[in-house]
Amino acid sequence: MRRISRRRLLETSAALGATAGLPLAAASESDEADEHHASWDGSPALEKFVAPLPIPERREADGRQRGAPYHEVSVEEATHSFHPDLPDTTIWGFDGQFPGPIIENRQYRRLRIEFDNSGMPEEHLFEIDEAIKGTTSENYVGYDGAVPDVRNVTHLHGLNAPTASDGQADMWTSPDGVTGPRFEQSVQEIPNRQARLSSVYHDHARGISRLNNYAGLVGPYYITGWREEFMGLPEDEYDVPLVLADRAFHDDGSLYYPDEFVANFAGDVATVNGAAWPTFEVEPRRYRFRILNPSNGRTYGLKLGSADGDHEDGDGHAGEPPSIYQISAGHGFLEEVVEVGHGGDMEKLVIAPFERAEVVVDFSDHAGETLTLENHAQFPYSGGSHDGGHDGGMGSMGGDGDMDGGMDGGMDGGHGSGADHPQIHELMQFEVAEESSGQDRTRHPTDLRMPYRHTPNERAAQETRQITMEMQMGSDPGLHTLNNKRWGDDVEIKPQLGSTEVWEISNTSMHTHPLHLHLVEFTVIGRGPDGTEPPLPNERGGKDVVRVDSGETVRIAVKFGDFAGKYPFHCHILEHEEHEMMRMFEVVNGNDRGRGRGHGRDDDADDRGHRNDDDDEWGDDDDGRGRGRGNGRGR
Ligand SMILES: [Cu+2]
């Protein structure tokens, strides 16, 4: 998590590449940077569990503006160290960091934030494939201005915000001030008038968001509720984000991403908080981890395992690794704590791109042990039954005998492995110290009392819509669509402001698609072949991304509560989103007064909030006090 002044180090970093222990085969192929980048045989081998886990800082506001904390975040090119044996990497980062700093705000208090990319270079870090729409002006409807290679817009994911502050795909800005066709304002105003939240802020620029995210433009965003500090959860240095992002590297330390569009991209190196296969020394006590998955396309199936040879107990028996207790899927808290692990409610914690899972792990009975955070999901991911088979395979491997070295790719022997589909079986380690630095006053996760909260409800639904997910067969590989329509097609879904709808999302393609709706929080109400099976234990709570497995129909209840206007919904596999698996819905007001545009509409929004409270479905408070505060306009 170092921050170094912005410099173009792409070329010079190659000269530093002769680090001991790196394979030299790929490096000798060409001195030419472009050709070098075109050939890639896998990332250099990196020793696992030696890089210490970096902890992102909580960002201090840069001041106040219109009565709200104001952040001015620079979007920068910078150098970053992923691993002590890997030469420094040129990244793009918020404040020059990968992941970006934690931006945190109180529930019901407004925040103003501006992302400044004026210091960015003119040249993109990666090749831009112009076959992807949005990369040239011909691809835009009603816009014939320039489309600079470097352009950014930051979306604050999962937030209930006006369209102009939503950071949508066509709202980008270039370093020299060219603005995309739907750009409205550089300062984004975030009401934070919603349930407590763990989420991310990330780049969303049309045509290149997969590249901008991969370059590093992602960071944690939290809304802190009024109640959660009194629940007995681990806090401060025991409340740690785990940002899981697979990456691939050249021998010179530079990031590898294919020059031509691929529909499913995954790296062969696990990074957590910007370190490759890190290790984290923990005390024998409880920790809260906020797991965020901003990987472009990789779904993880998480489980804790005991590292080999670490069972030093005098009686010679190896203890079970601790369970992972999930308390939240992003918005608010789950209805009940979900135990993930052997004998728990779920075998593993599956987390698709841009899903979140907040968990508590109790290391107190594991002093002196080393535990591995394992991944039991195949890439590309297709869903539960399929993945169960993989799980058996993992078991039969008998520990991590096949998993050492830096390259997991192709060792699996299962389908889809190899350089294009590298499998990653381990993510990081926890080294539990012998002693704790002080008394742990937190509650055991099974004793936590989850705050009750209303969430969108099927019974209130006034409309049911069908959404289909399909891969288009034809000459355009990897073209995915929603309802057989593309980004540029007319908006057809127009929910009424304040109404609740049921969306039935059916996936006829081969892989799982995590569908994200901007603006809203929704409830999963059914899944399975015909959408009638109950939601998974860890999706009984507020969500904004839901996995729809191959051959499955998932039903969600959505309330379109506070803002009118156009908002995207899209697959959150970035390569899918970018290649047409993104559409818009438009929230309309019956007596439309042009709301939801621009800022300074808080009064309007609060009025609407009142009007829509009668069904009490949304109940955006953790503790029953929130609504009063919400109407107090976030002071
Ligand atoms: Cu998808």
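Provided above is the structure to which this section pertains.
Values in this document were obtained by computation on a predicted structure and should not be read as measured data.

Enquirer: Would you mind going over the sheet that holds strand β18 (residues 349-351) in detail, with residue names and values included?
Expert: Across the sheet, five strands lie side by side as β13-β21-β20-β15-β18; this open sheet has mixed pairing. In the strand order of this sheet, the two ends are held by β13 (279-282) and β18, each with one partner. Averaged over all pairs of adjacent strands, the angle between their axes in this sheet comes to 25°, without regard to strand direction. Across five bridges, strand β20 (residues 370-375) lies against strand β21 (residues 426-432) in antiparallel orientation. Across the sheet, residue leucine 373 finds its bridge partner in β21, namely methionine 428.

Enquirer: Describe the coordination of the copper ion, listing the residues and the values that go with them.
Expert: Distances from the copper ion to its protein donors, namely His513 (ND1), Cys571 (SG) and His576 (ND1), fall within the range 2.0 to 2.1 Å. Taken in sequence order, the residues that donate to the copper ion follow the motif H-x57-C-x4-H. According to the relative accessible area criterion, cysteine 571 is buried, its value standing at 0%.

Enquirer: Break down the pattern of salt bridges for me, citing the residues and quoting the values.
Expert: Summed over the entire model, instances satisfying the criterion amount to 30 salt bridges. In this structure, lysine 48 and glutamate 426 form a salt bridge, with 2.8 Å as the shortest nitrogen-oxygen distance. Within this pair, whereas lysine 48 is found in the loop between α2 (33-38) and β1 (63-65), its partner glutamate 426 is found in strand β21, the two being separated by 378 residues in sequence. Residue classification places lysine 48 among the buried positions, given a relative accessible area of 12%. The shortest N-O distance in the salt bridge between arginine 58 and glutamate 104 comes to 2.8 Å. With arginine 58 in the loop between α2 and β1 and glutamate 104 in strand β4 (residues 103-106), the pair connects residues that are 46 residues apart, well separated along the chain. Here arginine 58 falls in the partly exposed class, since its relative accessible area comes to 35%. Several salt bridges share partner residues, and in doing so they unite Arg58, Glu104, Asp239 and Arg290 into one network.

Enquirer: Explain the nonpolar core to me, and be specific about the residues and the numbers.
Expert: Of all hydrophobic cores here, the largest spans 91 residues; its most connected members are Tyr221, Leu242, Phe289, Ile291 and Phe430. In terms of residue count, strand β10 (residues 239-247) provides more of this core than any other element does, five residues in total. Counting residues in hydrophobic clusters, the runner-up holds 27 residues, among them Ile505, Val548, Val554 and Phe560.

Enquirer: Break down the environment of asparagine 457 for me, with residues and values.
Expert: Within the fold, asparagine 457 resides in the loop between β21 and β22 (461-471). In this structure the C-alpha to C-alpha distance between asparagine 457 and threonine 500, which are 43 residues apart in sequence, comes to 7.6 Å.

Enquirer: Before we move on, can you summarise the sheet that holds strand β24 (residues 500-507) with the specific residues and values?
Expert: Pairing within the open sheet is mixed, and its five strands lie in the order β23-β22-β24-β28-β26. Looking at strand neighbours, the two that pair on one side only are β23 (480-482) and β26 (522-526), the edges of this open sheet. Each adjacent strand pair in this sheet contributes to an overall mean axis angle of 25°, direction not counted.

Enquirer: So, the environment of isoleucine 573: which residues are in play, and what are the values?
Expert: On the secondary structure map, isoleucine 573 appears in the loop between β29 (565-571) and α5 (574-578). As for isoleucine 573 and arginine 210, which are separated by 363 residues in sequence, their C-alpha atoms are 8.7 Å apart. Isoleucine 573 has contacts with Asn296, Gly297, Pro353, Thr512 and Pro514, leaving out every residue within four places of it along the chain.

Enquirer: Requested: an account of the pairing of strand β27 (residues 545-548), with residues and values cited.
Expert: On β27, burial covers both faces: Val545 and Arg547 on one face and Val546 and Val548 on the other are all buried. Sheet topology places strand β25 (residues 513-517) next to β27; four bridges connect them, and they run antiparallel. If you follow histidine 516 over to β27, its bridge partner there is valine 545.

Rules behind the numbers
- Residues numbered from 1 in each chain as written.
- Predicted model: local features only at pLDDT ≥ 70, side-chain atom pairs only at ≥ 80, totals over all residues.
- Heavy atoms only, no water.
- Pairing = 2+ DSSP bridges.
- Helix = DSSP H or I, 4+ residues; strand = E, 2+ residues; numbered from the N terminus.
- Axes fitted to C-alpha atoms, helices over the stretch in contact; angles between N-to-C directions.
- Donors = N, O, S within 2.8 Å, 3.2 Å for Na, K, Ca; no water.
- Buried < 20%, exposed > 50% of the residue type's maximum accessible area, 1.4 Å probe, protein only.
- Salt bridge = Lys/Arg side-chain N within 4 Å of Asp/Glu carboxyl O.
- Core = buried A, V, L, I, M, F, W, Y, C linked by side-chain atoms within 4.5 Å.
- Contact = heavy atoms within 4.5 Å.

Purely geometric numbers; function is a separate question.
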